[in-house]
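# Coordinate inspection notes
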Amino acid sequence: MAKELNEDTSFKISLKTLGGIAALIFTLVGMWFTLQADIAEAKELPVPPPPDVTRMEFDMKDKNIRLTIQNTADDVEEIKEDLKRMEDKIDKLK
């Protein structure tokens, strides 16, 4: 049997529970207004400066680094060839 809710229906709630509900509501409302104030303040902050490194500068530095790595790899190959020749000369001297 389900109870019918009407004007004569009553329920009991303690003062402690009412106080807890009121505290929860006040806390939520306070948090809402604090959040709104923070958002308004953030809108008024200065615009961040443009980045220190532009895209073109980044691409140029990247290209320079890649070229340096390639030159180093070429130098290593030359050193390996020179080392082989030196080893061959040493073997011939023995």
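Description of the structure in this document. Here the structure is a predicted model, which means the values were calculated and not measured.

To continue, consider the overall build of the protein. Looking only at helices and strands, the protein features two helices and zero strands. Each principal axis of the C-alpha distribution contributes one length, and for the protein these read about 115 × 45 × 25 Å. Per-residue burial for the protein yields a buried fraction of 0% across its 94 residues. Entry remark: accessible area of the protein is about 9900 Å², with carbon and sulfur atoms responsible for 64%.

We now examine a negative patch on the surface. On the surface, a cluster of negative charge is contributed by Asp74, Asp75, Glu77, Glu78 and Glu81. Along the chain, the position of Glu78 falls in helix α2 (residues 55–93). Judged by relative accessible area, Glu78 falls into the partly exposed class, the value being 47%.

Residues Phe11, Ile13, Leu15, Leu18, Ile21, Ile25, Val29, Trp32, Phe33, Leu35 and Ile39 make up a contiguous nonpolar surface patch of about 1200 Å² in total accessible area. Relative to the elements of secondary structure, Leu35 occurs in helix α1 (residues 15–44). The exposure class assigned to Leu35 is partly exposed, which follows from its relative accessible area of 45%.

On to the pattern of salt bridges. With the rule as written, the count across this model stands at four salt bridges. Residue Glu57 pairs with Lys61 through a salt bridge whose shortest N-O separation is 3.5 Å. Highlighted residues: Glu57 and Lys61, both in helix α2, separated by four residues, approximately one helical turn. A salt bridge links Arg66 to Asp62, with the nearest nitrogen and oxygen atoms 3.0 Å apart. With Arg66 and Asp62 both in helix α2 and four residues apart, the pair spans about one turn of that helix. Overall, the relative accessible area of 56% leaves Arg66 in the exposed class.

Cut-off values and rules
- Residues numbered from 1 in each chain as written.
- Predicted model: local features only at pLDDT ≥ 70, side-chain atom pairs only at ≥ 80, totals over all residues.
- Heavy atoms only, no water.
- Helix = DSSP H or I, 4+ residues; strand = E, 2+ residues; numbered from the N terminus.
- Buried < 20%, exposed > 50% of the residue type's maximum accessible area, 1.4 Å probe, protein only.
- Areas by Shrake-Rupley, 256 points an atom, 1.4 Å probe, with all protein chains shown as cover.
- Patch = residues over 30% accessible without salt bridge, like charges linked within 9 Å, V, L, I, M, F, W, Y side chains within 5 Å.
- Salt bridge = Lys/Arg side-chain N within 4 Å of Asp/Glu carboxyl O.
- Lys, Arg positive; Asp, Glu negative; His and termini not counted.
- Charge placed at Lys NZ, Arg CZ, Asp CG, Glu CD.

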